[in-house]
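Structural description and commentary
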Amino acid sequence: MAGLRLDQALQQLLPDYSRSRLQTWIKEQRVTLDGKYATTKQAVWGGEQVRVEPELHPSETPYTAENIALDIVYEDEVLLVVNKPAGLVVHPGSGNWQGTLLNALLHHAPQLEGIPRAGIVHRLDKDTSGLLVVAKTLITQTALVRQLQARSVKRDYLAIVQGSVLRDSKVDAPLGRHPSQRVKMAIVHDGKPAVTHYAVLERFDYHTLISCSLETGRTHQIRVHMQSIGHPLAGDPVYSGRPIQLPPPLREAIKTLGRQALHAERLGLVHPASGEPMEWHAQLPADMAALLKVLRHE
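Report follows, based on the coordinates. Each chain has its residues counted from 1, running along the sequence as written. At least 70 in pLDDT is required for a residue's local features to be given in this predicted model, at least 80 for side-chain atom pairs to be given and counted, and no such filter applies to totals for whole chains, interfaces and linings, which use all residues. The basis for the side-chain values is all heavy atoms of the structure; hydrogens and waters are excluded.

Details of the nonpolar core
For the purposes of this section, nonpolar cores are sets of buried Ala, Val, Leu, Ile, Met, Phe, Trp, Tyr and Cys residues that join through side-chain atoms within 4.5 Å. The cut-offs for exposure are 20% and 50% of the maximum accessible area for each residue type, with area from a 1.4 Å probe on protein chains only; residues under the lower value are buried, those over the upper are exposed, and the others partly exposed. Membership of the largest hydrophobic core comes to 32 residues, with the highest contact counts inside it found for L105, L112, Y157, I210 and I222. Only DSSP runs of H or I covering at least 4 residues are called helices, and only runs of E covering at least 2 are called strands; the numbering of each starts at the N terminus. At the level of secondary structure, the elements contributing two or more residues to this core comprise β5 (79–84), α3 (101–108), β6 (129–135), β7 (154–162), β11 (195–203), β12 (207–214), α5 (221–228) and β13 (262–270). With 4 residues, the top contributor of residues to this core is α3. Aside from chain neighbours lying at most four places away, what touches L105 is L70, L80, V82, L112, A118, I120 and V134. Contacts were defined at the residue level, with two residues in contact if any of their heavy atoms lie within 4.5 Å.

What follows is the structure, encoded as C-alpha cells:
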C-alpha cells in the first residue's frame, strides 16, 4: 500500500465500510496516523500506526425509546390503536432517525423492542393525521398483516380536494416510484395494484370534502389517485397540480394548514385474539376543522 492515499488504504483494510464513510470519519477526526489526526489525501508509506474510531450510522444502530406523547385510542394486551398527529414520522428513515412514532412506541411499551418495526404494520405519511394499529405480539402482527393482505381492514379517510367532484366513484390505477423524481409516487403500468373508492360529502366554492376508502395501502395512494383525476388534495406540497386562484381568506387558510388535507378517520378490523369485529373513529383535527370553517364561510 506504500504511496496510497490514506482513504484508499483504509478501504482495503476495512472493506466492510464504504470509502465515503471512511472519508467522513477522517474529516470528523476519527482517524489518527501515528497519533496525529489524519487528512484524506495524506499518503501512507508503511510502518505507520493507524487508529480508527468508527461511528455507526443511525440506520445501523438499535432504535431508541423516546418519551414522546401518544394519543392512544385503544389498547389491550395484544394491540393498540394510535391517533397520529400531523408532523409525526411513523418510522425512522433518512433524515428522521429519531422523534418518530416508533421511538414513542418503544417508550410506551418496551416489549415492542422484540417485534419487527415495533409492531407497526401500516403507515401514514408524516403530514397525514389519523388512526394506526400497532401489534404488541408477533402472533398479532402476523394476523394483522394477513388481514391487510386480504384487504379486509377498513381504512376510511377524510380529504379536502380541489375542484368540484361530481359523483362518487373509484380510481383503479397501479402505483410505483416516479420514473424521474424518486421521492414521488406515480401511476405506472408495471406498478403495484391500487384501488381508492371516494364519495362526495360536501361541496364548496372551490373545493370538495370527500371520504376515501382504501382497498390497498400504497405509499401516497390517495394523494396520487386524486391528483390523477384532476382533484389534488388541498395544501399538498408534492401533488398539488396547477395552482388555482383563490380568495385571500381561503388562500391564507390553506397556507396555515401547511400540509395535505388528509385524515385517517376510521379504522376497522377483526380483533386477532377475540375474533370480534372492532372499529375506531378519530375526530377531525383542529387544523382541518379550521379550514372547513373557512370553506363553509362560518
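Examining the side chain of N83
Considering the arrangement of structural elements, one finds N83 in strand β5. On the accessibility criterion, N83 (17% relative accessible area) is buried. Ignoring any residue separated from it by four or fewer positions in sequence, one finds N83 in contact with D71, V73, G130, L131, H263 and A282.

Focus on the packing of aromatic side chains
Each Phe, Tyr or Trp ring, with Trp reduced to its six-membered ring, pairs with another whose centre is within 6.5 Å; inter-plane angles below 30 degrees give stacked pairs, above 60 give edge-to-face pairs, and intermediate values give tilted ones. Under the definition given, this model contains 2 aromatic pairs. Centroid distance Y74 to W280: 5.5 Å. Interplanar angle 45 degrees. Geometry classified as tilted. With a gap of 206 residues between them, Y74 in strand β4 (residues 72–75) and W280 in strand β14 (residues 277–281) connect regions that are remote in the sequence.

A closer look at helix α1 (residues 6–13)
For α1, the complete set of buried residues consists of L6, D7, A9 and L10. Buried residues of α1, seen end-on, are gathered within an arc of 160 degrees and therefore sit on one face of the element. In this structure, the buried residues of α1 make contact with α2 (19–27), β1 (31–33) and β3 (50–52). Within this analysis, the arc is defined by the directions that extend from the helix axis to the C-beta atoms.

Brief notes about the sheet that holds strand β2 (residues 36–37)
Spatially, the 3 strands line up as an open sheet ordered β2-β1-β3, and their pairing is antiparallel. Since the sheet does not close on itself, it has two edges, and those belong to β2 and β3, each with one partner. As defined by bridge partners, β1 adjoins β3 across 3 bridges and the pair is classed as antiparallel. The residue bridging T32 from the neighbouring strand is R51, located in β3. In this description, strands pair whenever DSSP reports at least two bridges between them.

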